[in-house]
Amino acid sequence: MKTATNAFGLIAVCAALSSTLLAQWPNYPAYRTPMKANGEPDLTAPAPRTADGKPDFSGVWRGAAIAGGRRGAPPPEPAPGAPPLATFRDIASTFKEGLPLTPYAKDLLAKHMARNSKDNPEASCLPMGIMQFWTQGFPRKFVQTPGLIVVLYEASSGIRQIFTDGRPLPPKNDPQPWYYGYSSGKWEGDALVVETNNLRDDGWLDIIGTPLTDEAKLTERFRRVTFGRMEIDITVDDPKAYTKPWTVRHVQDLMPNTDIIEFICEENNRFAPR
């Protein structure tokens, strides 16, 4: 049971617990993990593939620890030719020139920060949205089937569907907007390219409140570069909040031989009524 006492406190507790990953399932070899001669998992082995030859993202993953990017610390340098690395607290911290905020977004971000992140959806047990879930330290489980990938986020029991059956995105402003939007993916070689639209107008990209609006379209490029490493490049195209599109990289580490556990945030959530 999770009790929300205040917004920033809840977020800080979640971030702290995520690094220790308490009370995970006992070791169980569910995904045929390749092993080294010494019996340890070989996370540098080639990525597995499905029966049709596509990279298989199945497994339990967590956001890789990113050094730097904290208040007062220099941002980490990306690999040559790679986009800046994503961080949980402030998505702009690894951009040397900051994000290309519109006046509307600058004003909204200032209001979020002035309230010390009290309006962050996670503080009220609401979905954090796509960007925060990739950087948030709790695990997420990929379940890959022909035509559909389901991502089960341990944090707040989040569920996201990524359709790979060829369906187009729904027309803008036609369906009900969702926290995770509507996602449709296609394969470009070994990369899965996923487009998402029809997001809600009150999205948060990080703890401090960098905004995402209902004008946004997200493009994610998933690559399983080794058995134990996944890279997700996300391009944010949101003309209401940003003067031009921008891209950030999320790095995911495999958690071999384990599984996600139940995380219920709705019980005893006393913050919202106060």
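Below, the structure is looked at part by part. Quantities reported herein were computed from a predicted structural model and do not represent experimental measurements.

1. A closer look at the overall build of the protein chain
Across its full length, the protein chain carries three helices and eleven strands. Each helix and strand of the protein chain, placed in order from N terminus to C terminus, yields the pattern α-β-α-α-β-β-β-β-β-β-β-β-β-β. By residue count, 49% of the 274 residues in the protein chain fall in the buried class. Intrachain contacts of the protein chain at a sequence separation of at least 6 include 61% that bridge at least 24 residues. For the protein chain, the exposed area adds up to about 13600 Å²; of that, 55% sits on carbon and sulfur atoms.

2. Section: helix α2 (residues 103-114)
With twelve residues, α2 extends 17 Å between its outermost C-alpha atoms, agreeing within 8% with the 16 Å of an ideal straight helix rising 1.5 Å per residue. Considered for burial, the residues of α2 that qualify are Ala105, Leu109 and His112. With its buried residues spanning 60 degrees around the axis, α2 presents them on a single face. Residues of α2 that are exposed and point over 90 degrees away from its buried face: Pro103, Lys106, Lys111 and Ala114. For α2, the secondary structure elements touched by its buried residues are β7 (203-204) and β8 (211-212). Downstream of α2 by one or two residues, Asn116 has phi in the positive range, about 55 degrees.

3. Here's the deal with the nonpolar core
One finds Trp134, Phe142, Phe222 and Trp246 to be the most contacted residues of the largest nonpolar core, which totals 48 residues. At the level of secondary structure, the elements contributing two or more residues to this core comprise α2, α3 (130-135), β3 (148-153), β6 (191-197), β9 (217-226), β10 (229-237) and β11 (246-254). If we skip the residues at most four places from it in the chain, Trp134 touches Gly63, Arg140, Phe142, Val151, Tyr153, Arg160, Glu220, Phe222, Ile232, Ile234, His250 and Gln252.

4. Focus on unusual backbone geometry
We note that Asn116 has phi near 55 degrees; this positive angle belongs to a residue other than glycine. One can find Asn116 in the loop between α2 and α3. Given the relative accessible area of 44%, Asn116 is considered partly exposed. In this structure, Asn257 takes a positive phi of about 60 degrees despite not being glycine.

5. Let's talk about the pairing of β9
Both β6 and β9 contribute to a ladder of five bridges, which runs antiparallel. When the sheet's bridge partners are listed, Leu192 is paired in β9 with Phe222. By the bridge criterion, nine bridges tie β9 to β10 in an arrangement that is antiparallel. Bridge pairing links Phe222 to Ile232 in β10. Here β9 folds back onto β10, and the loop between the two strands holds two residues.

6. A few points about the sheet that holds β6
Overall, mixed pairing links the nine strands, which are arranged β1-β2-β3-β4-β5-β6-β9-β10-β11 in a closed barrel. Going across the sheet, the axis of each strand differs from the next one's by a mean of 30 degrees, ignoring polarity.

7. Describing the packing of aromatic side chains
Per the counting criterion, the structure on display carries 14 aromatic pairs. Relative to Trp246, the ring of Phe95 has its centre 5.6 Å away and its plane inclined at 90 degrees; by these criteria the two rings are edge-to-face. Remark: Trp246 occurs in strand β11 and Phe95 occurs in the loop between β1 (59-63) and α2; sequence separation between them is 151 residues. Overall, the relative accessible area of 15% leaves Phe95 in the buried class. Seen from their ring centres, Trp134 and Phe222 are 5.8 Å apart, and the 75 degrees between their planes marks the pair as edge-to-face. Here Phe222 lies in strand β9 and Trp134 lies in helix α3, a separation of 88 residues in the sequence. For the pair formed by Trp134 and Phe222, the shared burial category is buried. Taken together, the ring pairs connect Phe57, Phe133, Trp134, Phe142, Tyr153, Tyr180, Trp187 and Phe222 into an aromatic cluster. Above the face of the Phe163 ring, Arg167 is positioned so that its terminal group lies 3.7 Å from the ring centre.

What counts, and at which threshold
Residues numbered from 1 in each chain as written. Predicted model: local features only at pLDDT ≥ 70, side-chain atom pairs only at ≥ 80, totals over all residues. Heavy atoms only, no water. Helix = DSSP H or I, 4+ residues; strand = E, 2+ residues; numbered from the N terminus. Buried < 20%, exposed > 50% of the residue type's maximum accessible area, 1.4 Å probe, protein only. Contact = heavy atoms within 4.5 Å. Areas by Shrake-Rupley, 256 points an atom, 1.4 Å probe, with all protein chains shown as cover. Expected span 1.5 Å × (residues − 1). Arc of directions from axis to C-beta. Core = buried A, V, L, I, M, F, W, Y, C linked by side-chain atoms within 4.5 Å. Pairing = 2+ DSSP bridges. Axes fitted to C-alpha atoms, helices over the stretch in contact; angles between N-to-C directions. Phe/Tyr/Trp six-rings, centres within 6.5 Å; stacked < 30°, edge-to-face > 60°. Lys NZ or Arg CZ within 6 Å of the ring centre and 35° of its normal.

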